Amino acid sequence: MELTVLGKYGPYGKAGTGAASGYIVKNGDDYLVMDMGSGTLSRLMATVDVKKIKHIYISHLHFDHTSDLLPFRYLLEDLNHKVNIYTHFEDSEWYRILFDHPNFNVINIDENTKITVGSMELTFLPMKHTVTDYAVIIKGEKTLCYTGDTLYNGNIPICLEQSDWVLMDCSKPKGFTGPHMNVEHAKELAEKYSAKIIATHHSTDYDPTEDLRDYPSITIAEELKTYEL
């Protein structure tokens, strides 16, 4: 199983270099894209043949996780290619703007949903954010959990207990009080659980590398890097 980081920043990309949230999971010959924030589409196109992309998971509907879905629709039209979108239902104008397109087959999920995507099995856990957000647990050659954006909550331990790797929103500085976990959460979780953590959703003005240097089970997400899980 492989994980490629297309973008790691939020709530917007880093000037000149960084994209917002977006990732590709590859298990055997099967691909799953997770979130498509601003700046990720061109990187996706440079990384994989888009016609091999049949499945996309959207953790929540904030702009920095969804905005490149809009130009992606033009590309799908040009390629005459359709994809499945897995996300929770939201009765909102943004949901309709994003997903009301003939090249998108939208499949709504919740905590009771189990989906088979080629060689991968997907299950979902609600997280705690300013809007509805679901973590996805992906079982393939390894088990990877992606939290999306979240505060600490009672389902985070389940993610860590059930997974070999967790792509986790835990990169904000100590003392950060917004709707994301910070590096202190990352340290506490690394000390308590055996799962390896990839720390993502970085602020553009803060690098967590130095604060997490003494925790070998925590990897700092690097854009355009592919991790062998």
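Residues numbered from 1 in each chain as written. Predicted model: local features only at pLDDT ≥ 70, side-chain atom pairs only at ≥ 80, totals over all residues. Heavy atoms only, no water.

## Thoughts on the environment of His88
Point 1. On the secondary structure map, His88 appears in the loop between strand S5 (83–87) and helix H4 (93–99).
Point 2. The exposure class of His88 is buried, given its relative accessible area of 4%.
Point 3. When sequence neighbours within four positions are dropped, the list of residues in contact with His88 reads Ser59, His60, Leu61, Tyr95, Asn108, Ile109, Thr132 and Tyr134. (Helix = DSSP H or I, 4+ residues; strand = E, 2+ residues; numbered from the N terminus. Buried < 20%, exposed > 50% of the residue type's maximum accessible area, 1.4 Å probe, protein only. Contact = heavy atoms within 4.5 Å.)

## Concerning the sheet that holds strand S12 (residues 196–200)
Point 1. Spatial ordering of the open sheet is given by S7-S8-S9-S10-S11-S12-S13, a layout of seven strands whose pairing is mixed. The open sheet has two edge strands with one neighbour each: strand S7 (114–117) and strand S13 (218–220). Across the sheet, the mean angle separating the axes of adjacent strands is 20° when strand polarity is ignored.
Point 2. Sheet topology places strand S9 (residues 134–139) next to strand S10 (residues 143–146); four bridges connect them, and they run antiparallel. Following the sheet pairing, Val136 is matched in S10 by Tyr146. (Pairing = 2+ DSSP bridges. Axes fitted to C-alpha atoms, helices over the stretch in contact; angles between N-to-C directions.)

## Looking at the pattern of salt bridges
Side-chain pairs of opposite charge can arise whenever the charged atoms involved come near each other.
Point 1. Inspection of the entire model under this criterion finds five salt bridges.
Point 2. Between Glu223 and Arg43 there is a salt bridge, and its shortest N-O distance comes to 3.1 Å. With Glu223 in the loop between S13 and strand S14 (226–228) and Arg43 in helix H1 (residues 40–47), the pair connects residues that are 180 residues apart, well separated along the chain.
Point 3. We classify Arg43 as buried; its relative accessible area is 15%.
Point 4. When the shortest N-O distance is used, the salt bridge between Glu210 and Arg213 registers 2.7 Å. With respect to class, Glu210 is no different from Arg213; both count as exposed. (Salt bridge = Lys/Arg side-chain N within 4 Å of Asp/Glu carboxyl O.)

## Points about the sheet that holds strand S4 (residues 55–57)
Point 1. Spatially, S6-S5-S4-S3-S2-S1-S14 is the arrangement adopted by the seven strands of the open sheet, whose pairing is mixed. Strand pairing shows two members of the sheet lacking a second neighbour, strand S6 (104–108) and S14, which therefore form its edges. Sheet twist, expressed as the average angle between the axes of neighbouring strands with direction ignored, equals 25°.
Point 2. With three bridges connecting them, strand S1 (residues 2–7) and S14 associate as antiparallel partners. Each bridged residue has a counterpart across the sheet, and for Leu3 the counterpart in S14 is Tyr227.
Point 3. Packed onto the sheet, H1 meets S1, strand S2 (22–27) and strand S3 (30–36) and runs at close to 140° relative to S1.
Point 4. Sitting on the sheet, helix H3 (residues 69–79) touches S3, S4, S5 and S6, and the angle it makes with S6 is about 135°.

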